[in-house]
Each structure stands twice: as C-alpha cells, then as structure tokens.
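The chain contents come next:
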2 protein chains.
Amino acid sequence: RRLVGRRGAASGVITVLAAPGTVLPGVGVVLDADELHHLRVRRVGAGETVRVLDGAGARAIGTLEPAGRDLVVQITSAEPVERPADLVLAVGAGDKDRFARLAEQCTELGVTHLVPLDTERSRHVESRIRDSHLDKLRKRAREACKQCGNPWATVIEPFAPLEVIARRHPQLRWFLADPGGHAMPAVAADDGVAWAIGPEGGFTPGELEVLQGTLHAERVWLGPHILRFESAAVAGAALTLDRRASGVGDR
Amino acid sequence: RRLVGRRGAASGVITVLAAPGTVLPGVGVVLDADELHHLRVRRVGAGETVRVLDGAGARAIGTLEPAGRDLVVQITSAEPVERPADLVLAVGAGDKDRFARLAEQCTELGVTHLVPLDTERSRHVESRIRDSHLDKLRKRAREACKQCGNPWATVIEPFAPLEVIARRHPQLRWFLADPGGHAMPAVAADDGVAWAIGPEGGFTPGELEVLQGTLHAERVWLGPHILRFESAAVAGAALTLDRRASGVGDR
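Residues numbered from 1 in each chain as written. Chains lettered and ligands numbered in written order. Predicted model: local features only at pLDDT ≥ 70, side-chain atom pairs only at ≥ 80, totals over all residues. Heavy atoms only, no water.

A. Main features of the overall build of chain A. When its secondary structure is counted, chain A shows seven helices and 11 strands. Expected size for 251 residues packed as a compact globule is a radius of gyration near 18 Å; at 20 Å, chain A falls within 12% of this value. In terms of overall dimensions, chain A has a C-alpha envelope of 60 × 45 × 30 Å along the principal axes. Here chain A holds 251 residues, and the buried ones make up 55% of them. Contacts in chain A between residues far apart in sequence, at least 24 positions, make up 69% of those at least 6 positions apart. Element-wise, carbon and sulfur atoms account for 52% of the exposed surface of chain A, whose accessible area totals about 11000 Å². In chain A, which carries 32 positive and 32 negative side-chain charges, the distance between the mean positions of the two groups comes to 4 Å. (Helix = DSSP H or I, 4+ residues; strand = E, 2+ residues; numbered from the N terminus. Rg over C-alpha atoms; globule rule 2.2 N^0.38 Å. Buried < 20%, exposed > 50% of the residue type's maximum accessible area, 1.4 Å probe, protein only. Contact = heavy atoms within 4.5 Å. Areas by Shrake-Rupley, 256 points an atom, 1.4 Å probe, with all protein chains shown as cover. Lys, Arg positive; Asp, Glu negative; His and termini not counted. Charge placed at Lys NZ, Arg CZ, Asp CG, Glu CD.)

What follows is the structure, given as structure tokens:
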C-alpha cells in the first residue's frame, strides 16, 4: 500500500505503464512510444528509478536503462497484486465523452469491469458510445493506473445485454439504483457485486423484469434525485467499497 | 417525491427553470431566452403543463400562457421544498472542465455548496478553474436541476481558504478523504457535513494542520487508490447521503 499512497504521488517517482504480462524480473521491460514520450517530457532518463504497473496486477520497481535510442526498465523488485473480487458496472450506453471519463474513474475506484449496455432508451442518444470507441476507453482505463496507483485497470467489455453479462460473471449480486430503494445492504469483502445503471429515462419495464426476475437485483437508494449515469456509477462503486470494508470489520 | 421520480422523467412533462424567487402563484413566471428556446425546440407551447423549479427551493406545476411573442407560466400548484442540511464540498481548484462537470453532479447529489479551494499544489495547474469561470459553473449547477429534479441548485461559492469556509458555515463536521482513514462514521440527517478534497499531490502539511488541528477533520477511507478530485467529491457526497439516511432509520 505504501507504493500507492497519496503522499507517494508527491514524492517525485514516476510511474510507467507496461504491456500486460511483460513485467518480469531479469527481463528488460520495453516501453511504448507514449511512455517514452512521457519520460522525455518529464526529463526522466537512464539510471533513474521508476514504478511499473501493467494494468493486470503487476506492481514493481525498476531502473531505466538505455536500449539503443530508447529506454527499458530493469525490474529490481516486483510485488504482484491479486485480482480483486468482481465489481461490475453495467451502464446504459450513453454519451461517449462522459463514458470515457467514467472509464478512468472506474480504475480509480477499483471497478473490475465496465460494460456498456445496449438498452432500449439509450438507442436514441445521438452521441452514444459505440463499438468503435471501446479501444479509446481501454486506453483511458489503463492510463488511469498511473494516476491512481491501482495495479488492475478496469476491463472494458464489449456491449452486452444483462443476461450475457450475468453468464460471463456468474455468482454476481446485482444492485439497481432507484430513488424508491433501500440503503445498500452489507456485502462480504469477496462478494462479486454488479450494478445496473440505466440510461436517461431509465430501464424499460421489460429490462426491469430481467433485472429483478432473472438477476434478483436489489433496489438501492443513491439519493432522492435522478442521477446521470456517471454519477450513479461512481456512487454505486463508492458504496460497494464502503460495504466491503465494513463487511470484514478491518482492512 | 413523485414529481421527481425516475419514471417521472420519461412521462413527457417538461421542466423549466425560473429565476430564483420568481415562482409565485397568481404571477406569470417570466422565462429567460434559453428556456424559451428549449421549449421551442421541444415544440412545447401555450396551454401545456410544465414543471417549474427555480434552483432555490421552489417546485411547482404551471400552464404556459402567451405573453406577446413569448410565454409565461401561470402557476397552478406550488410546493416549496425546505433547504436541506449543509453538505459542503471544498475542492482543490483543479482543471476547469472537470470542475464544471462536478458542479452539475453536485446538484444531482444534493450538495448544497461547492467551494473551489486555493491550495498550494493547485496553483501550478495550468488549466485550473479561476474566478472568471464561476458564473459558468453556477449556470451548470442550476441547469442540472431540470435533469435531476433537485429543487435546490448547488451554490457555487467564491474561492476561499478552509478557515473562511468554516466561518461561513459554522458547526460543520469536516471529513478528509485519506487511503489511511477509517470508514465514514454515522451522521444525523440534519448534521452539517463538509468534505475537504485535496488537489493533485494532496494537501500540504500546513493545510493538513488546519484541517485536523483547527477544523477537527476526520480521515475517511474512500478506497485504496488515489482518487481524482471529482471522483473523491462524488464518493464523499454519496457516502454522506447514505450515512444521513441510515442515521434517521427511515427516509
């Protein structure tokens, strides 16, 4: 935890992002053009110590070494971090820019999977997110690792209906934001949790039937007003962290 | 509550925003150019029923009536909503676009006051919010009333240091997001609550001394990673609503 503490961020050690699975002791970790550019801008060069994350659980410290005209990282200590319990946000596929920002926030909040939902009422949103935007979202979610210190980037899954998400992630406990719902109940630290966040105008009665009848989603109160999707998503994720931490009594 | 329910938003009744304090029975409520434009675009005209909010606690139903080439609203029923207990977010004055989006989210989440904090580490942010942006934020916070149904727009206060905020709002219970903190404690439904959200790099030791020594801020855990200011702000607001709702046992 000390590696990623708030005061750590001010300590001046740069964090670089490696391709998933490439952070191995004894192997020079190759950095992509964006990372090399970032180091040049920050005037960080050979011989300096950097933190390394790969967005897939690797967390390491290494030293920059020259490799031709580029730099590689020689790993000096690595501390892989176990994959956290599922925290899935299934969010009505609304405005693409707000969705991209949400992808970043998901990594900050430890959301494991963000899935754009193709809902009846999001089909009419002109600026809605589409398949072609998903790679940009994946990049935003991975970039956020450097800022927030999370060694696990949120996985951005392809568009899917609720039933498919439930098959991909069995054993999830589903929650549904609703001004008529109750306070979020306690969950265990390792309970898989999913939130269904509707599009503008909400889920249709048919979609609610799937959520409540098939997925047994519990209605949770997130305040008395109608939240936009990214506010509901962040509130749901924050409450989940809170409940998981209370569930085990001690972190 | 039925007026602002999620299903209400899909029912087709338009919400218009009036100037604060102008929503009075028996007086035609004058709408500004933006609102009149919005009605024209939505093809809503004389004789139709609208909801009216003024961002300062008025919540009413009225009928559009012609007034020369414009429209006014004749109020048919009004139900003023009491000002909620203080929920103040004092947020390091970071990027202006992200701050503007946060202003909207504050109204959605029932934040009563958003104050940009002039902190030592936010002074170096090139794109930071400045005095000249505050009017735009106020407009965003008021516009959000229509979307979310909150009759109280978040008040955007001028830049202030922590001590001045505390003098403006005495009796606040202060919280500080910290990965080393504890779960947020219970608060009563009518407790005034304030969150201090640091800039990128966090508060300086001197600023923390004011927060903890003078304002007795309690450190609260919002997850293990470093949150950007708008994620921390939304998470803090969501937890506050949750704790206030549990505090009274029943909403």
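Text resumes after the structure shown.
B. Spatial organisation of the packing of helix α3 (residues 96-108) of chain A against helix α4 (residues 134-148) of chain A. All names here are of chain A. Following both chains from N to C, one finds α3 and α4 inclined at 40°, their axes separated by 8 Å at the closest point. Between α3 and α4, the interaxial angle falls into the category oblique. In this structure, the crossing between α3 and α4 has a hand that is right-handed. Contact with α3, carried on its side by Asp97, Phe99, Ala100, Arg101, Ala103, Glu104, Thr107 and Glu108, involves Lys136, Leu137, Arg140, Ala141, Ala144, Cys145 and Cys148 of α4 and no other residues of that element. (Axes fitted to C-alpha atoms, helices over the stretch in contact; angles between N-to-C directions. Parallel < 35°, antiparallel > 145°, perpendicular 65-115°, else oblique. Left-handed = near helix turned anticlockwise from the far one by under 90°.)

C. Molecular detail of the sheet that holds strand β1 (residues 15-17) of chain B. Residue and element names in this part refer to chain B. Across the sheet, which stays open at both edges, the five strands sit in the order β1-β3-β4-β5-β2 with mixed pairing between neighbours. The open sheet is flanked by β1 and β2 (28-30), the only strands paired with a single partner. Across the sheet, the mean angle from the axis of one strand to that of its neighbour is 45°, orientation sign disregarded. For strand β3 (residues 49-53) and strand β4 (residues 59-67), the ladder comprises five bridges, and the chain directions are antiparallel. Residue pairing across strands places valine 50 opposite glycine 62, the latter belonging to β4. Here helix α2 (residues 33-41) sits on the sheet and contacts β1, β4 and β5 (70-78); the angle it forms with β1, its principal contact strand, is near 160°. On top of the sheet, helix α4 (residues 134-148) reaches β1 and β3; it is set at about 160° to β1, its chief contact. (Pairing = 2+ DSSP bridges.)

D. The sheet that holds strand β6 (residues 87-92) of chain B, seen in detail. Residue and element names in this part refer to chain B. Here six strands make up an open sheet; going across it, the order is β8-β7-β6-β10-β9-β11 and the pairing parallel. Each having just a single partner strand, β8 (155-156) and β11 (218-220) make up the two edges of the open sheet. Pairing of β6 with strand β10 (residues 193-197), which is carried by five bridges, proceeds in the parallel orientation. Bridge pairing in β10 links alanine 90 to alanine 196. Each of β6, β7 (113-117) and β8 is contacted by helix α3 (residues 96-108), which is oriented at about 155° to β7, the strand it contacts most. Helix-sheet contacts for helix α6 (residues 205-214) involve β9 (173-182), β10 and β11, and the interaxial angle to β9 is about 120°.

E. Representation of the relation of the copies chain A and chain B in the model. For the pair chain A and chain B, the best superposition has an RMSD of 0.0 Å and corresponds to a rotation of 180° with a translation of 0.0 Å parallel to the axis. The superposition of one copy onto the other is thereby described by a two-fold rotation axis. Judged by C-alpha distance, Ala235(A) is the residue of chain A that lies nearest the rotation axis, at 2.8 Å. A share of 100% of the interface residues of chain A reappears at the interface of chain B, consistent with the copies meeting face to face through the same patch. (Least-squares fit on C-alpha atoms with pLDDT ≥ 70 in both.)

F. Looking closely at the side chain of Arg101(A). Looking at the element boundaries, Arg101(A) is found in helix α3. Of the residues examined, Arg101(A) reaches a relative accessible area of 15% and is grouped as buried. Aside from chain neighbours lying at most four places away, what touches Arg101(A) is Glu108(A), Arg140(A), Arg98(B), Arg228(B), Glu230(B) and Ser231(B).

G. Summary view of the packing of aromatic side chains. Residues and elements named next belong to chain B. Per the stated rule, a full pass over the model turns up four aromatic pairs over all chains. For the pair phenylalanine 99 and phenylalanine 229, a centre-to-centre distance of 5.3 Å together with 40° between the ring planes defines the contact as tilted. Of this pair, phenylalanine 99 sits in helix α3 while phenylalanine 229 sits in helix α7 (residues 229-248); the two residues are 130 residues apart in sequence, bridging distant segments of the chain. As far as the burial class goes, phenylalanine 99 and phenylalanine 229 line up, both buried. Here the aromatic rings of phenylalanine 175 and tryptophan 195 are separated by 5.5 Å at their centres, their planes lie at 35°, and the arrangement is tilted. Here tryptophan 195 lies in strand β10 and phenylalanine 175 lies in strand β9, a separation of 20 residues in the sequence. Of the two residues examined, phenylalanine 175 and tryptophan 195, each falls in the buried class. (Phe/Tyr/Trp six-rings, centres within 6.5 Å; stacked < 30°, edge-to-face > 60°.)

H. Fine view of the pairing of β5(B). Residues and elements named next belong to chain B. Pairing of β2 with β5 involves three bridges; the strand directions are antiparallel. Paired with glycine 28 across the bridge in β5 is glutamine 74. Of the strand pairs in this sheet, β4 and β5 are connected by eight bridges, and their pairing is antiparallel. The residue of β5 that forms the bridge with leucine 64 is valine 73. The antiparallel pairing of β4 with β5 creates a hairpin that spans two residues between the two strands, and glycine 68 there sits at a positive phi of about 65°.

I. Focus on the pairing of strand β3 (residues 49-53) of chain A. Residue and element names in this part refer to chain A. When you tally the buried positions in β3, you get four out of five residues, the bulk of the element. Looking at chain direction, strand β1 (residues 15-17) and β3 are connected through three bridges and run parallel. Within the sheet, the bridge partner assigned to leucine 17 lies in β3 and is leucine 53.

J. View of α6(B). Residues and elements named next belong to chain B. Those residues of α6 that sit buried are Glu207, Leu208, Val210 and Leu211. Relative to the axis of α6, the buried residues are bounded by an arc of 155° and lie together on one face. Opposite the packed face of α6, turned more than 90 degrees from it, sit the exposed residues Pro205, Glu209 and Thr214. Looking at the buried side of α6, the elements it contacts are α5 (162-168), β9, β10 and β11. Remark: histidine 216 follows α6 within two positions and exhibits a positive phi of approximately 55°. (Arc of directions from axis to C-beta.)

K. Structural context of the interface of chain A and chain B. On the chain B side, the residues contacting the 48 residues of chain A number 49 residues. For the pair chain A and chain B, the two sides together bury roughly 4200 Å², of which 52% comes from carbon and sulfur. Linking chain A with chain B are eight salt bridges. Across the salt bridge formed by Asp242(B) and Arg243(A), the nearest N and O atoms sit 2.6 Å from each other. Where chain A packs against chain B, one counts 14 residue pairs in polar contact (both at pLDDT 80 or more). Secondary-structure elements contributing two or more residues to the side of chain A that touches chain B are α1 (6-9), α3, α4, β9 (173-182) and α7 (229-247) of chain A. (Buried area = accessible area lost by both parts, 1.4 Å probe. Salt bridge = Lys/Arg side-chain N within 4 Å of Asp/Glu carboxyl O. Polar contact = N/O pair within 3.5 Å; in protein donor to acceptor, adjacent residues only side chain to side chain.)

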